[in-house]
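Descriptive analysis of the structure
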Amino acid sequence: MPLIDHALKLERFPKDPNLQAWDAADQYLLRYLDENQLLKPDTRILTLNESFGALSVALANYQPAMTSDSYLSCRALLHNLNLNKISADQVSFYDSLSMPKYDIDLIVIKIPKSLALLEHQLYQLRSLIKKKTTVIAAGMSRHIHNSTLALFEKIIGFTKTTLAWKKSRLILLERDFDNNKGQSPYPDEFVVDIGQDFTISNHASVFSRDRLDVGTRLLLENMPASDQYHDIVDLGCGNGLLGIIAALVNSQARSHFVDESYMAVDSAKTNFKSAFGGGRRAEFSVSNCLTDFESDSVDLVLNNPPFHQQHNVGDAIAWQMFVDARRVLRKGGELIVVGNRHLAYHAKLKKIFGNSQQIASNGKFVVLQSIKK
Ligand SMILES: C[S@@+](CC[C@H](N)C(=O)[O-])C[C@H]1O[C@@H](n2cnc3c(N)ncnc32)[C@H](O)[C@@H]1O
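Residues numbered from 1 in each chain as written. Predicted model: local features only at pLDDT ≥ 70, side-chain atom pairs only at ≥ 80, totals over all residues. Heavy atoms only, no water.

Contacts to the ligand come from 18 residues, most closely from Thr216, Gly236, Asp259, Asn288 and Cys289. Cysteine 237 is positioned with one of its backbone polar atoms (N or O) 3.5 Å from a nitrogen atom of the ligand. Within the contact set of the ligand, a nitrogen atom lies 3.5 Å away from a backbone nitrogen or oxygen of serine 287. In the complex, the protein chains occlude 93% of the 590 Å² of accessible area that the ligand would expose alone. Residue composition of the shell around the ligand, grouped by class: nine nonpolar, seven polar and two charged. (Near = heavy atom within 4 Å. Polar contact = N/O pair within 3.5 Å; in protein donor to acceptor, adjacent residues only side chain to side chain. Areas by Shrake-Rupley, 256 points an atom, 1.4 Å probe, with all protein chains shown as cover. Nonpolar A, V, L, I, M, F, W, Y, C, P; charged D, E, K, R; others polar.)

What follows is the structure, encoded as structure tokens:
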């Protein structure tokens, strides 16, 4: 049994040499599987919500399946398989909109940040859990709340929590086969009134899934319109509302929607279609920031940057988004950013673009504009 910190090389994606790519819950889980002899040569394994693929790489001999809503996690898995000279074919990747169709012997659930995503996944897992399936959830104790345990009990059945080890815990789950009540409430919808009513559909993990975010609203109220815009990008699109309203007020522009979450991009697609029917074309990509865009190719980038990657808070992704935006904008093109005032994005934008202008604000949020000179 490989112990993650000794036997394997693991890195984050995007790379961050200061932070490790596994946690104590991964180690605890591997140790538990070993001590309880839960792995046989033909054990079929499914992991959910791994951040960097540490477990799938450690268990690669068993040809596991890994499912995640995150494109960055998928890239991390491929990177770490490669680092350890393991063929990419050893692990099957399923995005969060799909699940394996075959019987699984061992299901490992890393506790995700979004309780709604966990709820959706548990309903999906019900049909995969058979009498002989072992189901274990793993996470750092600070991420396991009463509400997390209540969800396991409501949807799956009986739970037993292990003692803490290095501030992590395992939750051993047993399916109550008499309980088939309920089904996933996702995707769900809310209505936004911005001049006209829009019904916005959201998959479980989408940012601000149940209401319009205050920052997003401020940017919507200050949406720029110009017949100079040929290509508009909604970067980190979530449910796509920013890009949809931009498309509405810039009726000649092409729209591009990008997010690293599979559920976000799928929701944006649904919402764009319900706003415009088949009458407008748009491109949708699951990607890391603007990696796949050519330099000097767009006129307007709209961005409400993320302030965390899974459970980790930080501004590295925001920084990457601003740098990418400058590269892909044509000369004279604009980046419009909304953010919490205390995040001080204006300083970063000034460093990257040489200019940053505040175009709107309320008590908490600011909308900033930077122009590529
Ligand atoms: C604060 S939310 C904004 C969502 C939406 N634009 C809104 O205003 O409601 C940030 C979005 O960035 C996405 N994101 C995070 N990291 C990303 C990356 N590396 N590349 C692309 N999108 C990313 C998240 O999935 C999330 O949907």
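So that's the structure; there's more coming.
Below, the discussion takes up the domain arrangement of the chain. Along its sequence, the chain is organised into domain 1 (4-175) and domain 2 (188-371). Relative placement of domain 1 and domain 2: their C-alpha centres are 31 Å apart. On the side of domain 2, 18 residues touch domain 1, which itself brings 24 residues to the contact. Summed over the three residues of domain 1 that lose the most area to domain 2, namely Asp69, Tyr71 and Lys113, the buried surface amounts to 32% of that side. Element by element, the count of residues in the side of domain 1 that touches domain 2 is highest for helix α4 (residues 71-83), at four residues. (Domains from an automatic or database assignment. Contact = heavy atoms within 4.5 Å. Buried area = accessible area lost by both parts, 1.4 Å probe. Helix = DSSP H or I, 4+ residues; strand = E, 2+ residues; numbered from the N terminus.)

Reading across from one edge, β12-β11-β10-β13-β16-β18-β17 is the order of the seven strands in this open sheet, with mixed pairing throughout. Only two strands of the sheet have a single neighbouring strand rather than two, namely β12 (282-286) and β17 (357-361). The sheet shows a mean angle of 15 degrees between the axes of neighbouring strands, taken without regard to direction. As paired elements, β17 and strand β18 (residues 365-371) share four bridges and run antiparallel to each other. What sits directly across from alanine 360, in β18, is valine 367. Sitting on the sheet, helix α8 (residues 241-249) is in contact with β10 (231-235), β11 (254-259) and β13 (298-303), with an inclination near 160 degrees to β10. Where helix α9 (residues 262-276) meets the sheet, its contacts fall on β11 and β12, and the angle it forms with β12 comes to roughly 165 degrees. (Pairing = 2+ DSSP bridges. Axes fitted to C-alpha atoms, helices over the stretch in contact; angles between N-to-C directions.)

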